[in-house]
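Fold and geometry: a report
Each chain is listed here by its residues.
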Amino acid sequence: MAAAGSGGSRADNGYGGQQARRRRGPGALATGYLVIYNVVMTAGWLVIAVGLVRAYLAKGSYHSLYYSIEKPLKFFQTGALLEILHCALGIVPSSVVLTAFQVMSRVFLTWAVTHSVKEVQSEDSVLLFVVAWTITEIIRYSFYTFSLLNHLPYLIKWARYTLFIVLYPMGVSGELLTIYAALPFVRQSGLYSISLPNKYNFSFDYYTFLILVMISYIPIFPQLYFHMLHQRRKVLSHTEEHKKSE
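Residues numbered from 1 in each chain as written. Predicted model: local features only at pLDDT ≥ 70, side-chain atom pairs only at ≥ 80, totals over all residues. Heavy atoms only, no water.

Formally: UniProt positions are given in the numbering used here, feature names are shortened, and annotations may be inferred rather than shown by experiment.
Looking at an unreviewed UniProt entry, one finds the protein chain named Very-long-chain (3R)-3-hydroxyacyl-CoA dehydratase, with Chloebia gouldiae as its source organism. Regarding the protein chain, the UniProt comment filed under Pathway (unreviewed entry) reads as follows: "Lipid metabolism; fatty acid biosynthesis."

1. Observations regarding the overall build of the protein chain
Note the threshold: Under the scheme used here, helices are H or I runs from DSSP no shorter than 4 residues and strands are E runs no shorter than 2 residues, and both carry numbers assigned from the N terminus. Here, residues are in contact when the closest pair of their heavy atoms is within 4.5 Å. Computed with a 1.4 Å probe, the accessible areas rest on the Shrake-Rupley method; for each residue, only the protein chains presented here act as cover.
For the protein chain, the helix and strand inventory stands at nine helices and zero strands. Secondary structure elements in the protein chain, listed N-terminal to C-terminal, are α-α-α-α-α-α-α-α-α. In the protein chain, once contacts between residues fewer than 6 apart in sequence are set aside, the share between residues at least 24 apart is 78%. Of the roughly 12,600 Å² that the protein chain leaves accessible, carbon and sulfur atoms contribute 67%.

2. Points about the packing of aromatic side chains
Selection criterion: In this analysis, rings of Phe, Tyr and Trp, with Trp reduced to its six-membered ring, are considered paired at centre separations within 6.5 Å, and the interplanar angle assigns stacked below 30 degrees, edge-to-face beyond 60, and tilted for intermediate values. Under the scheme applied here, a residue whose accessible area is under 20% of the maximum for its type counts as buried, over 50% as exposed, and between as partly exposed, the area being computed with a 1.4 Å probe on protein chains only. By the criterion adopted, a ring carries a charge over it if an Arg CZ or a Lys NZ lies within 6 Å of its centre and within 35 degrees of its normal.
A complete count under the given rule lists 18 aromatic pairs for this structure. On the numbers, 6.3 Å between centres and 90° between planes, the contact of Tyr141 with Tyr144 is edge-to-face. Placement of the pair is Tyr141 and Tyr144 together in helix H6 (residues 124–148), with a separation of three residues, close to one helical turn. When sorted by exposure, Tyr141 lands in the same class as Tyr144, which is buried. Consider the rings of Phe143 and Tyr144, whose centres lie 6.0 Å apart with planes at 70°: the pair is edge-to-face. Comparing Phe143 with Tyr144 shows no difference in burial state: the two are buried. Following the ring pairs from residue to residue traces out a cluster consisting of Tyr33, Tyr37, Tyr141, Phe143, Tyr144 and Tyr161. The ring of Phe143 carries the charged tip of Arg160 above its face, separated from the ring centre by 5.6 Å. In this structure, Arg160 is placed above the aromatic ring of Tyr161, and the distance from its NZ or CZ to the ring centre is 5.9 Å.

3. Some thoughts on the UniProt feature "transmembrane region" (unreviewed entry) in the protein chain
Per the UniProt record, "transmembrane region" (unreviewed entry) is annotated on residues 34–57, 78–105, 125–149, 161–186 and 206–226. Across residues 78–105, the secondary structure splits into 71% helix and 0% strand, with the terminal C-alpha atoms separated by 11 Å. Measuring from the first to the last C-alpha atom of residues 125–149 gives 36 Å, for a span that is 96% helix and 0% strand.

4. A word on the nonpolar core
Under the convention used in this document: Here, nonpolar core means buried Ala, Val, Leu, Ile, Met, Phe, Trp, Tyr and Cys residues that are tied together by side-chain atoms lying within 4.5 Å of each other.
Counting residues in hydrophobic clusters, the biggest one holds 54 residues, and the most contacted among them are Trp45, Leu73, Val113, Ile179, Val186, Tyr206 and Leu210. Secondary structure elements with two or more residues in this core: helix H2 (28–59), helix H3 (66–79), helix H5 (96–115), H6, helix H8 (164–189) and helix H9 (206–245). Sort the elements by how many residues they give to this core and H9 lands first, with 13 residues. Sequence-distant contacts of Val186, defined by excluding residues within four places in its chain, comprise Val117, Leu191, Tyr206, Tyr207 and Leu210. Core analysis: the second largest hydrophobic core is formed by five residues, Leu34, Val35, Cys87 and Val92 among them.

5. Quick look at the environment of Phe164
As for its placement among the helices and strands, Phe164 is situated in helix H8. Put simply, Phe164 and Ala132 are 32 residues apart on the chain and 8.8 Å apart in space, counted from C-alpha to C-alpha.

6. Some words on the packing of H2 against helix H4 (residues 82–89)
Heads up, the condition is: Between the N-to-C directions of two axes lies an angle of 0 to 180 degrees, each axis being a line fitted to C-alpha atoms and, for a helix, fitted only over the stretch in contact. Put simply, angles under 35 degrees are roughly parallel, angles over 145 are roughly antiparallel, angles from 65 to 115 are roughly perpendicular, and the rest are oblique. For any pair of crossing helices, the crossing counts as left-handed if the nearer helix is rotated counterclockwise from the farther one by less than a right angle, and right-handed if it is rotated clockwise.
Where H2 meets H4, the axes come as close as 12 Å, and the angle between the chain directions of the two elements is 165°. Put simply, H2 runs roughly antiparallel to H4. Crossing of H2 over H4 shows left-handed handedness. Residues Tyr33, Leu34 and Tyr37 of H2 form the contact with H4, whose own contacting residues are Leu82, Glu83 and His86.

7. Remarks on the pattern of salt bridges
Heads up, the rule is: In the sections that follow, a salt bridge refers to a side-chain nitrogen of Lys or Arg positioned within 4 Å of a carboxyl oxygen of Asp or Glu.
Taken as a whole and judged by the stated rule, the model has four salt bridges. Residues Glu83 and Arg140 are paired through a salt bridge, measuring 3.1 Å at the closest nitrogen-oxygen approach. Pair noted here: Glu83 is in helix H4 and Arg140 is in helix H6, with a separation of 57 residues, a long-range link. No difference in accessibility class separates Glu83 from Arg140, as the two residues are buried. The shortest N-O distance in the salt bridge between Arg140 and Glu137 comes to 2.7 Å. Linking Arg140 with Glu137, this pair stays in helix H6, spanning three residues, or about one helical turn.

Right under this line is the structure:
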């Protein structure tokens, strides 16, 4: 499940893509709101990036840097839930289901794993996906902002469709290792699990659920990764052809 939210894998959500150009864009009011939203989100992830760098320089170590950016990470990652609403309202021409899947996967890892299993917060794997997310989101929200303003610098477009080659595997690795590190603590504590008997005659094993989440990465990761590689070839080749024609 969480694989969909890893570095570089998020869909374009209707901003600046080839398909979006063939559709009528949002109205002036919606465009203004979306610009503000994406600027705020870009700034938020920049705050997280600066927080990581400052904490590293102060400590002289990359261990346990999560605690220095825990609050802004939770706030701005949860703020991405608004993207589902944008699709539902039609101001962004993207699939509500796909966007919800991608956003909720990150929110799940942020709250249901990293926040809930405090023992994993000091794991280096957390820093791995946080760094991947941070770089990805700064680029992604900048991409959306400039696309909405019809002034997209080539460098941002190139970064959007290139850095995922490293950031996506990096994010996925961090996510998987973090979930794996959480497993023994979840099993020991019975976190979020419901056992029988109970009046609802329903049981749920969160430990097994997390294992299934990890297994889901096997079919999802390659599909999304090669989809982005295909998108990269299409978008960047179109840009090069456009430059040659000018």
